[in-house]
Structure formats: structure tokens, C-alpha cells
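# Coordinate inspection notes
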Amino acid sequence: MTFNSLTYLFFLAAFAVLYWRLPRQPRLFLIFAGSLLFYGFWRFEFIAILFLSIGTDYLAALGMSRTTVPWKRRLLLFASLSVNLGLLVAFKYLHFVVSSVNGVSAVLGLNEIPLTLQLVLPLGISFYTFQSISYTVDVYRGFIRPERNFIIFANFVLFFPQLIAGPILRAREVMDQLVHRPPFNSEDVAEGIRRVLAGLFLKVVMADTIAPLVDKGFASPPELLSGFDIWTLALLFGFQIYFDFSAYSHIAIGSARILGIRFPENFDFPYLASSPTAFWRRWHISLGSWVRDYLYLPLSGARVRGDSRGGLGSADLTPTEGRRSMALLVTWLLMGLWHGANWTFVVWGLWHGALVLGHRLIGPVVSWRQPTRAVFGWMVTLPLVMLGWIPFRAQNLSDVWTMLGAVITPTGYLAREGEHTGRIIAGLRFSLEVDSYYIAAALLAATVATFAVARWVIPGMRQRPYLWISAETCALAVVTPLVFVFLRPIRQFIYFQF
Amino acid sequence: MASPFLMKADRLRPWAPLIGGSLLGLTILGLLASEPEQKFEDIGLGKRTSSVFLPTARGPFHCSSDPAPCIAAALGQEPRPTTLWLGASQLHGVNSYIPGEFTAPYLLEASLQGRGERLIALSPPNANAREHLVLFEAVQGAMPLSRLMVGAVLDDAGEGLLRPSIVDLMSESPVRRALQKTSAGRLLLAGASRSDAPPGARPTEDKSELGHEANLQEQSEAWLDCALGDALPLWAARESIRGRIYVALDMLRWQFIRLRSWITGRPLDDWVTPISPVDYAANLTALEALAESAQSAGIETLIYIAPRPSTDRFPYDPNLYLDFKERLSALASRYGASFANLEDAVIGDVWGTFEMAGGVERRDIFHFTAAGHKQLYEALRPLVTRRTKAPLD
């Protein structure tokens, strides 16, 4: 079931009414059945794969709690990881691996592996496998006790607001809330509805408006695009994916809030970050903290002492800088692959790995004071992050190199001999629809305005309740009718594909 | 102890902006929806120009983007050689229309009827060659054609949108089969069925077949949409409200264009309208596919350059326009089609006016009066009866 639809809104309303009226046991079954219904609106047959992951981890965690023999515990953990990662590899990466091997075989003149099976990617598999893995690893590490009630554990994985595209939750964050429903608070419901509205606005008005310009730009032969066009497309897609994904998170968080359940925040104005490291503490926070705790820290040899809520965690770090750097790059390579089975995503991951590594090396050397440091950092970070979206969105590696080439070579910005289409201003070439440039410029200006509003305007307004209420009323007077008019499930959320 | 009233007010405070703001916004929406219905297709036609689709006694023959009524009317009559005329709003836009006047398609249809033939004219506003390709395959799949006429407009060669009614046509099996035969057609099909995920992400649904069976979500969504539309007039009016919002945004865009002119000191009508290189290339490829498809079906084809006012400044790069005409002429030769340059076919004070930002009027270089339609018909009539390979002038 997609969030930007009438079906979901009616489902959520009906679910909420039942949720608040039912006693504990029936309520747990309601969450279970409702979440399965939510998932089954796409394809019921893929619920079996969900249960394979859930069942394996439930049993593995229980098994780990019943033995203190290290090799047995490790074996159970290995079983859980194998099933979850095996599902992910089979459905998501098999085709990519075989295609890549066949590509190399073709170059070497060897026989290709026949690839007749094309599997449809189960919705949300990248998210629920990671969430489930975090549970078994936390049980293995002794951070949490295993849940003995299968329905309660299944609800932790299946809970519909976060099932398909996160936030990736930790058991400690949410399981207790699912079991012991917090008392009804109308403020929570009001806040939840506000978040859902905000999410729908970001998706159906903002992201879906930018999407056709982005699609058209990236579908164009890249050799027709100038350097300015590439920067414009980078900005547009950067904002499209931000609006799209943060919208999903808003709706997920808001839906849970209506039910009295608090999810952690998943975004924190990432395009205001003043360094690549800061960016990854603000973008897809739940994935960043998951990767840190379950991939980066173990790879770098650290001993994790607690979970990383909000991307910050405690660990005994290894002193070896070389190992940390290698762990960082491997982590980012895998992060790239998590987003998609294509070499373009690997490039994207390594790009960000290089940025974070670069910041780690250069950051301490720069001795400027605030706010100069922050401003300069933002002016450097934002373009680099935006440029990173080019490999993320491009059709293939060849397009990536062509597009990046147009950006870094001066001639990539210039009009070419005999060129009559597009727009030529002062010898510079512009080939996209003119609205692309206007919207990109407006979004950039809005980013700066957002900082000013968040920093100076909102704190002042919050001190004056009636002013705050009036401002919120005016904002909702714009948001609600726009959502009403534009609500149509014409475009899937981008992160559904991961 | 706090009074019950204050306690209640405190509990209602989080809801006040939510309910108040939403009600206010929806009320404004309701007021918008209550305004007289705008004919959006006429907004782009210019001042005093309106859409005129004249039927004959035998039924409709001239349609916009949905060919179904015209095809149904033709199939309901006795079989006769059929000409398909593909154009844009120039075929149905009439400046200062007086009832009783005729459009060029109407005049040609009457002329062809006199010879025992018939005409089907399709003229979606701003139709691009990709849309023409789909429309051609849709009509060709429904009934045999003896002749094809395609009006080529440089401005439309820079258009990239496929309107929903034409995308719907691509779900019909005969149209899909025909589109599969050309690279341009295959690209159109791929674009219509592609999910909007970045490449490399595995598909979550097998949507390779357009017209796939609707899943539970799609079925429930359609049902809810219908039910809400029946119950709430405001819900049913959403499409119209969306149209108004887009028109308002376009007017806002004109204000920015006016600001640009003020800043740079250049008059509003002094700017060159850019043509997207991507759409230009794609539309020429689609036109080639159209000519190829017509040739393989043995259909006599005429491609003509649409008329434009010769006395006014042409807001396009003249080199691009020359390239456009040359490419079309070469394309026609390659596929055994006729080519005619009719850019000077409509002369005199028969062109409409177009209102730009701030009430500034300029000549409408696409739409003319009924007298202009007659001139277009007179120019086309001899070409329809014989093969012509007119050289470029």
C-alpha cells in the first residue's frame, strides 16, 4: 500500500480507531493483521519471504538466549545473517552479479552464464532484513533480551508505518511501545496528522512536481547536456529525492504518532550540513546509525558498547587510522550497493566515502572559527553532495563519466559549433527546459531561507503562542488544499525501489 | 486550580491550527471550484481564438487527442478511402470565429466526400511527432488508410509531453504491436511503462506490459476516487482546480519573463524561444518512424511545413528553422513521401493575436481566422490529389 493514496488514508483512519479501542491482546493481533494487509495490497505471495526472515530471526534469537556456548551462539547468528543477506542477494543482487560476470567474460572471450530468471524485488526487503539483523545482533551482543512472543516480535518487523522504507528501527526503540500502548493523548494525534500532511505535501506537491523535469533530463543523451545542465539536474534530483524520502519518513513518523508510538527522526535538514560527516548525521539517520553499529565499527575493529541513536554511539575505537579508513571505504561501497544493484551506486557510495575521509583528514587542519567555518563548510559540502547524486540517478556508468566530464571541463559549459537548439547565453549552453533552471534556483534560495527561518524566525515566533498558532494556521491553509488537489498515487516513492 | 474552560482550551490548542487552517484552505478551494468552468484548451489559443470542431451530418470527423469518436463515426459509414490529417491547434483554432464559418479540415472533408473519400483530422493542442506516431498507429490499427497528411510545426518539435489520453492508447494491443516495429515506438513504450526508480534498482513490479491487471491498491484507489467524486463535488472538481493552478503558475511565469525584459531592457517579443535539443531529436526520430510506418503500409504521405505569418518576426533561431525544413524534406524523400513548404500559404491580415504578460499583445503566429483556414485548404487541396515534391524556397 502506498502512502500517497486514498486507500492508505482510509486504512490509517480505520486502523487508528480500532487500535485505540481494543485491549492489549486483540490489539497486538490487529497490528499483525493490519500490517500484513498493508503489505499484501502490493503482493500477498511475498509475505512468505517476510516470514522466512522473521521466523529465522525469532528462532535464532531464542536459541542464542538458551545457550552460553560461544560457537553455538555464533552459529545461530550466522544462520540469521545468512538467511537475511541470502534473501537480499538472491532477489536484489543475483542479476547484477551475473551481468557483471558476463560483462567480464565477454571481454575475455569466455562463455556467458545464462540468466533466465528475473526476480521481482520484494517491497521493503532492504529495510526489513536490516531491521531484523539489528535485532539478532543486539541479542548476540547481549544488549537486549530476545522476545519470546512471536506476534510481538513479528509486529516489530512488520509494523506498517516503517515496513517498506524505514526508519530502520532498533528493538529497544519501539518494541516496548508496541506492547504497552502509551495512554491516548490527543496532542499526539494532532501532531501525527500534521506530520502526515507535511509528508504528503512534500511528496505530491514538491517531489512529484520536480520529478518530470528530472526524468526528462536524465533520459536525455548526456552528450547533449552542458555543465550547467548537469549541475541543475544534480540540484533538482537532490531535492526530489530529499522531498520524496523525507516525505515518506514524515508520514511513517506521523502515522506511528497517531497511534501514540514515537519513532526516531530520520532527517534533520541535511542540506544545511557544513561537512560531509554532518550531512550523514542528518540524512537517513536510521540507516547511518545502523551502518555505523553493524558494519563500520565491527570492520574497523571497534567494540560497540551501545546503539547509535541519532548516528552517535559509544564504542571503543581502534587507534589504527589505516584500518578505520579502509573500514570507511568498504562501508561506503556496501552502502552504495545497498541502494541499488548497479555500478553507478558503487560510484556514489565511494564518492561519499571519499568525502567523509577527506573531511576527516582536512577538517582538523582548517583552523577557522565559527561561523566562517560553518559557512565555508556549507558552501563546499552542498555542491559536492549534490554532484554525488549524478551517479546515483544516471542510467549507467558511461553516462556518469560523460556528465561528470561536462562538469569538470571548461568546454563542457560552452556552446558548440553548429548548435541551434537549446539556449545560448554569452556563449554558454543551456539545454534543459527553462523551468528546470528557475526551480533549481528557487530551491537553492529556499535552502538559505530555511536556515534563516529555522535559526531566527521560528524561535522568536514560538515565544508568542498566538503568533505561532496564526502562522501554523496560514501554513495549513495552503498545505491542506494543495494536498487535497494533488493527492494521486501516480508516482511511487523512490526508496520503495531499494 | 485551573478552570475546566482553560483545561479544555489547552487540549484544543494543538487542533486549532489543524482544523482552522484546513477548513480555511478547503473553503478557498471550494470558492475556486465554484467559478465558471474554464476551457483550458482554449487558453493557449490566444485572444479571441476559440476551438472549433465542426461535425458533419455523418458525425464527427475532426477530434482532438481522443480519436475514438471519429473512428467510430467512420466505421459506422460505408467503407471509402480515408485520409488521416495529423496536426495541432492550428487546425481547430479559429480567430474571431463567427458561426457559419468553416475550418480547413471541414472544407477538405467536404471536398473529399465529393470524390467518394473521407477525412479524419486529429489536432491535439501542441501535438508533437511522438503523439502523432501513437495517433497514427491507433487509427491505422482500427481502419485502413489511403493517405496521411502531417503538419509540422517547429515549436511543437520542442514539445516532450505525452498527454494521458495518448498514453492510454498505447495500452491497446494493435497500437503496442505497431509501435514495437520502430525504435521510436519502442522508446515510447519503454517510457510509458518504466517505473520512476533510478536504474539499477530492481523492479518491484512486473510492469513491462502496459495495461497490466490492476493490483488491489489500484482497484481500491479507483473505487475510492469514484465514490468520493460522487459524494463530494469538491473532490470531483480537483482536475479542474489543478488546471487553474497550472494556468496561474503560467501567468506567474510570464511576470518573471516581463521582469527579465525590464532588467535587460529587451522588448518582450525580442526573445528567441529555445527548442529543447532532446525533444527536437526525439520528435524528428518519431516523425521518421511515422513516415516509415506509413510507407510500409502503402499509405500515400504528405508532410508539410505549417503556415506562419511572413511579415512578422519569427521567434526561433533561423538556422534551426532551416535545419528543420531541410531534415523534413530529406525525411520525406527517404520514405517516398511528398513534401510541401506551406509557410507562406496564409497571407494577409488573417492572423490572431496573443496576449503576453501585462496585457502586451503580439501576433499569434499559429492561429488565423476562417479566411486563413480557407487559404490553408486551398493550398492543400491540389497536393492531396497528386504527389508533389516541391523544392525548398
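Throughout this description, residue numbers start from 1 for each chain and increase along the sequence as written. In the order they appear in the text, chains get letters beginning with A and ligands get numbers beginning with 1. With pLDDT at 70 or above as the cut-off, local features in this predicted model cover only qualifying residues; side-chain atom pairs require 80 or more to be listed or tallied, and sums for whole chains, interfaces and linings still use all residues. Think of the side-chain values as coming from all heavy atoms in the structure, minus any hydrogens and water.

## Some points on the overall build of chain A
What counts is decided by this rule: The numbering of helices and of strands both runs from the N terminus, where a helix is a DSSP run of H or I of at least 4 residues and a strand a run of E of at least 2. Exposure classes here rest on a 1.4 Å probe applied to the protein chains alone. A residue is buried below 20% of its type maximum, exposed above 50%, and partly exposed in between. A contact between two residues is defined here by any heavy atoms of the two lying within 4.5 Å. Only the protein chains shown count as cover for residues, with accessible areas throughout obtained via the Shrake-Rupley method and a probe of 1.4 Å. Just so you know, the count uses Lys and Arg for positive and Asp and Glu for negative, and it drops His and the chain ends. Charge placement uses NZ in Lys and CZ in Arg. For Asp and Glu, CG and CD serve respectively.
Within chain A, the secondary structure is distributed over 18 helices and four strands. Overall size of chain A, expressed as C-alpha extent along the three principal axes, is 75 × 70 × 50 Å. For chain A, buried positions account for 56% of its 498 residues. Counted over contacts in chain A with a minimum sequence separation of 6, partners at least 24 positions apart contribute 75%. Carbon and sulfur atoms make up 67% of the accessible area of chain A, which amounts to about 20,600 Å² in all. For chain A, the separation between the mean place of its 41 positive charges and that of its 27 negative charges on side chains is 9 Å.

## Concerning the nonpolar core
The following threshold applies: Side-chain atoms within 4.5 Å are what join buried Ala, Val, Leu, Ile, Met, Phe, Trp, Tyr and Cys residues into a set we call a nonpolar core.
A:Tyr39, A:Tyr271, A:Trp283, A:Trp389 and A:Tyr495 are the most contacted members of the largest nonpolar core, which totals 165 residues. Per element, the largest residue contribution to this core is 18 residues, and it comes from helix α10 (residues 227-258) of chain A. Ignoring sequence-local partners within four residues, the contact set of A:Tyr39 consists of A:Phe46, A:Ile47, A:Leu50, A:Pro122, A:Leu123, A:Tyr128, A:Leu163 and A:Ile164. In this structure, B:Leu122, B:Leu189, B:Leu287 and B:Leu320 belong to the second largest nonpolar core, which totals 54 residues.

## Brief notes about the pattern of salt bridges
The line we're drawing: The salt bridge criterion pairs a side-chain nitrogen of Lys or Arg with a carboxyl oxygen of Asp or Glu, the two atoms within 4 Å.
As enumerated under the stated definition, the model contains 26 salt bridges over all chains in all. Its salt-bridge partner being B:Glu109, residue B:Arg58 comes within 3.1 Å of it at the nearest N-O pair. Of this pair, B:Arg58 sits in the loop between β1 (49-51) and β2 (62-63) while B:Glu109 is found in helix α5 (residues 104-114), placing the two residues 51 residues apart along the sequence. A residue is classified by how much of its surface remains accessible, and B:Glu109, at 3% relative accessible area, is buried. With a closest N to O distance of 3.5 Å, B:Arg253 and B:Asp250 form a salt bridge. Here B:Arg253 and its partner B:Asp250 are both found in helix α12 (residues 238-264), three residues apart, which amounts to about one turn of the helix. Members of the salt-bridge network, linked through shared partners, are A:Lys216, A:Glu433, B:Arg130 and B:Asp279.

## A few points about helix α1 (residues 6-21) of chain A
The line we're drawing: In this analysis, the expected span of each helix is defined as 1.5 Å times one less than the number of residues it contains.
Helix length check: α1(A), at 16 residues, gives a terminal C-alpha distance of 23 Å against a target of 22 Å (1.5 Å per residue), a fit within 8%. Listing the buried residues of α1(A) in full gives A:Leu6, A:Thr7, A:Tyr8, A:Phe11, A:Leu12, A:Phe15, A:Ala16, A:Tyr19 and A:Trp20. Buried residues along α1(A) sit against α2 (24-40), α7 (160-163), α9 (186-219) and α10 of chain A together with α10 (216-231) and α11 (233-236) of chain B.

## A short note on the packing of aromatic side chains
The following threshold applies: In this scheme Phe, Tyr and Trp rings, the latter by its six-membered ring, pair at centre separations within 6.5 Å, and the angle between planes marks the pair as stacked below 30 degrees, edge-to-face above 60, and tilted otherwise. In this analysis the charged atom, NZ for Lys or CZ for Arg, is taken to sit over a ring once it is within 6 Å of the ring centre and within 35 degrees of the ring normal.
A full pass over the atoms with the stated rule returns 62 aromatic pairs over all chains. On the basis of an interplanar angle of 50 degrees and a centroid distance of 6.2 Å, the ring pair of A:Tyr135 and A:Phe156 is categorised as tilted. In this pair, A:Tyr135 is assigned in helix α5 (residues 125-141) and A:Phe156 in helix α6 (residues 150-158), connecting sequence segments 21 residues apart. The exposure class assigned to A:Tyr135 is buried, which follows from its relative accessible area of 0%. Taken together, a centroid distance of 4.8 Å and an interplanar angle of 5 degrees make the contact between B:Phe102 and B:Tyr106 stacked. Residue class for B:Tyr106 comes out partly exposed when judged on its relative accessible area of 22%. Across the ring face of A:Trp338, the terminal group of A:Lys92 is positioned such that the distance to the ring centre comes to 5.3 Å. Taking the ring centre of B:Trp235 as reference, the NZ or CZ of B:Arg238 above it sits at 3.8 Å.

## Some details on the layout of surface pockets
The condition is simple: Whether a set of points on the 1 Å grid over the protein atoms alone is a cavity depends on a 1.4 Å probe fitting there but being unable to get out, while an open set qualifies as a pocket with protein on both sides within 12 Å along at least five of seven lines; lining residues are those with an atom within 4 Å of a point. Grid points are joined across faces, edges and corners, and a volume is the space filled by probe spheres set on the points. Under the scheme applied, nonpolar residues are Ala, Val, Leu, Ile, Met, Phe, Trp, Tyr, Cys and Pro; charged residues are Asp, Glu, Lys and Arg; polar residues are all the others, including Gly.
Empty space within the second largest pocket amounts to approximately 730 Å³. Lining the second largest pocket are 24 residues, with A:Leu9, A:Ile193, A:Leu197, A:Leu200 and A:Thr480 positioned closest to its centre. Mapped by element, the contributors of at least two residues to the lining of the second largest pocket are α1, α9 and α18 (465-486) of chain A together with α2 (15-33) of chain B. Among the residues making up the lining of the second largest pocket, the classes are represented as 22 nonpolar, two polar and no charged.

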